[in-house]
Amino acid sequence: QDRLFQMDWLRRKATGCLSEIIGIEGVEQDTISRTIGHRRIAETEWEQSPEETRQLLEGFTKGVNVAIEQSASRMPIEFDLLGYHPAPWEPTDCLSIASEFRYYLTVRYPVITNPELALRTLGDGQLYNEFLKGEADDESIVPTGAYPLSPSDGQPVGSTISDNSDGAGSNNWVVSGSRTASGKPMLASDPHIAFAAVSCWYEAHLTGASFNVVGMAYAGMPAIMFGRTARIAWGITNNICSQRDLYQEKTDNEHPDSFLFDGQWEPATKVEEVILVKGKEPSRIVVTSSRNGPIVNDILPSVAQSSDPVSLRWLGTEYCGWLTSLLGMDRAQSAEEFTTSMDGWLVPTFSVVFADENGNIGYQSAGQIPLRRSDERGYRPGWDPDHQWIGMIPRDGMPGFQNPERGWITSANNRTAPEDFPYPLYGRWSSGHRARRIRQMFEARGTLTQQDMVEMQHDVTSIRATECVPKLLDTLAKPANPRISEALSYLRSWDYLMDTDRIGATIFDVFFTHWQKTVVKEHFHNEATASAISGASSGLASTLLAGDEAGWFCNTDRVEAIQKAMNDALAELEERLGSDMALWNWGRLHKINLQHVLSDRGDLGQLLDRGGLPVKGNGITVCNTGYDPNYLAPMGANYRLITDFSVEPAGLFAVDA
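In short, a report on the structure. The structure presented is a predicted model; accordingly, all values stated were derived computationally and were not measured. (Residues numbered from 1 in each chain as written. Predicted model: local features only at pLDDT ≥ 70, side-chain atom pairs only at ≥ 80, totals over all residues. Heavy atoms only, no water.)

1. Comments concerning helix α14 (residues 463-475)
Piece 1. Between its terminal C-alpha atoms α14 stretches 19 Å, which fits the 18 Å expected from 13 residues at 1.5 Å a residue.
Piece 2. If you look at α14, its biggest bend is around 25 degrees, right at V469, and the proline P470 turns up within four residues after that.
Piece 3. Here α14 has its buried residues at I463, R464, A465, C468, V469, L472, L473 and T475.
Piece 4. Check the buried side of α14 and you find it contacts α12 (433-444), α15 (482-493), α16 (503-521), α18 (538-544) and α19 (558-577). (Helix = DSSP H or I, 4+ residues; strand = E, 2+ residues; numbered from the N terminus. Expected span 1.5 Å × (residues − 1). Bend = angle between axes of the 7 residues up to and from the residue. Buried < 20%, exposed > 50% of the residue type's maximum accessible area, 1.4 Å probe, protein only. Contact = heavy atoms within 4.5 Å.)

2. Side note on the nonpolar core
Most often, soluble globular proteins have nonpolar side chains that are buried together.
Piece 1. Grouped together as the largest cluster of nonpolar side chains are 85 residues, with contacts concentrated most on W201, M225 and W322.
Piece 2. In terms of residue count, helix α7 (residues 91-106) provides more of this core than any other element does, 6 residues in total.
Piece 3. Those residues in contact with M225, other than ones at most four positions away along the chain, are F101, W201, M216, A217, Y218, W234, I236, W322, L326 and F350.
Piece 4. F508, V519, A530 and A536 belong to the second-largest nonpolar core, a separate cluster that totals 53 residues. (Core = buried A, V, L, I, M, F, W, Y, C linked by side-chain atoms within 4.5 Å.)

3. Describing the sheet that holds strand β13 (residues 293-294)
Piece 1. Sheet architecture is open: 3 strands sit in the order β11-β12-β13, paired in antiparallel fashion. Each end of this open sheet is capped by a strand with a single partner; those strands are β11 (269-275) and β13.
Piece 2. In terms of strand pairing, β11 meets strand β12 (residues 283-290) through 7 bridges, oriented antiparallel. Directly across from I275, in β12, lies its bridge partner S283.
Piece 3. Contacts between helix α3 (residues 27-36) and the sheet are confined to β11, β12 and β13, with β12 contributing the most and set at about 35 degrees to the helix. (Pairing = 2+ DSSP bridges. Axes fitted to C-alpha atoms, helices over the stretch in contact; angles between N-to-C directions.)

4. So, the environment of V286
Piece 1. Within the secondary structure, V286 is located in strand β12.
Piece 2. When the C-alpha positions of V286 and T31 are compared, they lie 9.8 Å apart, and in sequence the two are 255 residues distant.
Piece 3. Look past the residues within four positions of V286 in its chain and what remains in contact with it is K270, V271 and E272.

5. Notes on the side chain of Q457
Piece 1. Residue placement: Q457 occurs in helix α13 (residues 450-457).
Piece 2. With relative accessibility at 4%, the residue Q457 sits in the buried group.
Piece 3. Here the side chain of Q457 touches L641 through a polar contact of 3.4 Å, landing on its backbone oxygen.
Piece 4. Those residues in contact with Q457, other than ones at most four positions away along the chain, are W173, A188, S189, D190, V622, C623, R640, L641 and I642. (Polar contact = N/O pair within 3.5 Å; in protein donor to acceptor, adjacent residues only side chain to side chain.)

6. Describing unusual backbone geometry
Piece 1. Backbone torsion omega between V347 and P348 reads 5 degrees, so that peptide bond is classified as cis.
Piece 2. Relative to the assigned elements, P348 resides in the loop between α11 (335-340) and β15 (350-356).
Piece 3. A positive phi angle is found at D257, which is not glycine, with a value near 55 degrees.
Piece 4. Tracing the backbone shows D257 in the loop between β8 (244-248) and β9 (258-261).
Piece 5. Positive phi values are uncommon outside glycine, yet Y496 reaches one of about 70 degrees.
Piece 6. Looking at the secondary structure, you find Y496 in the loop between α15 and α16.

7. Quick notes on α16
Piece 1. The terminal C-alpha atoms of α16 lie 28 Å apart, and with 19 residues this matches the ideal 27 Å at 1.5 Å per residue to within 8%.
Piece 2. Most of α16 is tucked away: 16 of the 19 residues are buried.

8. Some remarks on the packing of aromatic side chains
Piece 1. One pass over the full model with this rule turns up 28 aromatic pairs.
Piece 2. An angle of 40 degrees between the planes, with centres 6.0 Å apart, marks the rings of W494 and F508 as tilted. With W494 in the loop between α15 and α16 and F508 in helix α16, the pair connects residues that are 14 residues apart, well separated along the chain. Residue W494 shares its accessibility class with F508, and that shared class is buried.
Piece 3. Linked through ring pairs, F101, Y104, W201, Y218, F226, W322, W345, F350 and Y639 together constitute an aromatic cluster.
Piece 4. Its guanidinium or amino end placed over the ring of W383, K250 lies 4.1 Å from that ring's centre, counting from NZ or CZ.
Piece 5. A cation sits over an aromatic face here: R406 above W408, 3.8 Å from the ring centre. (Phe/Tyr/Trp six-rings, centres within 6.5 Å; stacked < 30°, edge-to-face > 60°. Lys NZ or Arg CZ within 6 Å of the ring centre and 35° of its normal.)

9. Examining the pairing of strand β14 (residues 310-314)
Piece 1. With 4 of its 5 residues buried, β14 lies for the most part within the structure.
Piece 2. With 5 bridges joining them, β8 and β14 adopt antiparallel strand pairing. Paired with Y247 across the bridge in β14 is S311.

10. Let's talk about the pattern of salt bridges
Piece 1. A full pass over the atoms with the stated rule returns 37 salt bridges.
Piece 2. Residue E20 pairs with R12 through a salt bridge whose shortest N-O separation is 3.4 Å.
Piece 3. Classification of E20 as partly exposed rests on a relative accessible area of 32%.
Piece 4. The exposure class of R12 is buried, given its relative accessible area of 12%.
Piece 5. Note that D495 and R502 form a salt bridge whose closest N and O atoms lie 2.7 Å from each other.
Piece 6. The class for D495 is partly exposed, based on a relative accessible area of 36%.
Piece 7. One connected set of salt bridges, linked through shared partners, spans D138, E139, R436, R439, E443 and E467. (Salt bridge = Lys/Arg side-chain N within 4 Å of Asp/Glu carboxyl O.)

11. A few points about the sheet that holds strand β18 (residues 400-402)
Piece 1. The strand order across the open sheet formed by 7 strands is β4-β5-β6-β7-β15-β16-β18, and the pairing between neighbours is antiparallel. If you trace the sheet from one side to the other, it starts and ends with β4 (201-208) and β18, each paired once. Pairs of neighbouring strands in the sheet enclose a mean axial angle of 15 degrees, with direction left out of account.
Piece 2. Across 8 bridges, β4 lies against strand β5 (residues 211-218) in antiparallel orientation. Looking at the pairing, G208 lines up with F211 of β5.

Structure representation (structure tokens):
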């Protein structure tokens, strides 16, 4: 009734049928979905799903189709604007949507292509390692000692990285009754995802037979993804452990349509896909695959595209069991039932925190992770058997613990476990800044209340700024000009809050963006490449504000480079906000735009878009509002929930954006 067009859009996006309704503009997305094969994955998932899961999908489907029939004469406005009527819903549409969402959560090409591009430019040495350095890497979800130690094969557990999409994450935490005013557990969760005129989340209370659960579902998926039953509550973040690899494939003119593997030429498999395009001739693509998976050159970031074929191996092509596990979680009445329900879950990897009415709190890394013989940041050689997957981390070997003595657990897309964890997790985690700030707030507060949870979710302290601004002020102790001197005075008096009225927030955020560009251009002289990967240099850029032990600046004076970045930042701000620095508050730059998926079609944006208001926070604050090249707020907490087990009757304290 509320989301029919959104659901139809999501299934078309997943199955590669957007072009049928929007024309040539949809071909790029349709090509991605057809190449990955979400529809084919869904059909296989349907055949392998338990009978009860299929019955529930069929029941959901019948309800959707009744709504379509009842709405025949009064369709949502988007159907009229585009001039079509939705086809009947099918159970596999739900599974296609789930597959596309898993792909969004787990593939993230730049995490591999950026290191690959860096390796080609810097070589495999100290500068390469410096470039890959992340921020706040010591903030771990699972503490040392919360797992059995056993001999490992020497592979690293994983690493915190710097990445253009560093803010694309989530927060959650859970507090035991030993730390709350009521003596009962509390839980908070706020997944971060792109802001839009219509949220991807749908708040629901699912009741009947064995179900009594409230929380958030992903539109088109018939299960509550995070929320609570009467006896247990949970929240989610993306774990960002590797469930995919990119392989460089080897070809030869004498062996056409073949790929080399272990000294033998193996024939490629090919599938032709016909994309129907409104107002145009159909677009035909051929999806070519090696033993590792489809060739994805055409859908990689443009700077990473080349003539040599690159294939994607993704665990999401296997039977994932995600929906079945979610339905089990939706029925759970205890911590044991809850964790057991995740046993069949393969993809995606989530960090799940939970609490039950008996006072237990816990963390579980859901999903599974492929084992490899070696760690690799960039492309793997597709022809080398030593780079094939060799199994999975066993389910009971995935990180998880309960009832820590400190009385709280948190995750924020940060490092899952320390380096002595017994299994390599192949993590490519976001900076630990949000996790560090959450830890600081727990350590600074005594007995916690629901209002403390609210204030923590709204915290906009920039830990990056607390680390970088003192280094910047020391380095520029003798400013090059009066304009820089004025800017430094605002930074000295700034309290490191990314609030809408803070001038220091504006100056630092824009400076750091220009500083990253300056750092990258020292070695990456191709403008497109430098622009694409500058966001992946934040760890290195932070280090270089204090010194340059690795010799990154080989042709430029480091201090002069910092001064130039500051001058460039001030020039951009003057162009955007005027010459009066006293008016450069963060809210004038950092605004939220809630765009509809049809926003760019003629003047529809004026009718369907919302937003334009200033918002606090940025991509690395707990109150996360993302960042983009124009310093806007593209993503963050579309939904926040707090569960307080002392409140009767059982419910959720929640905000839906």
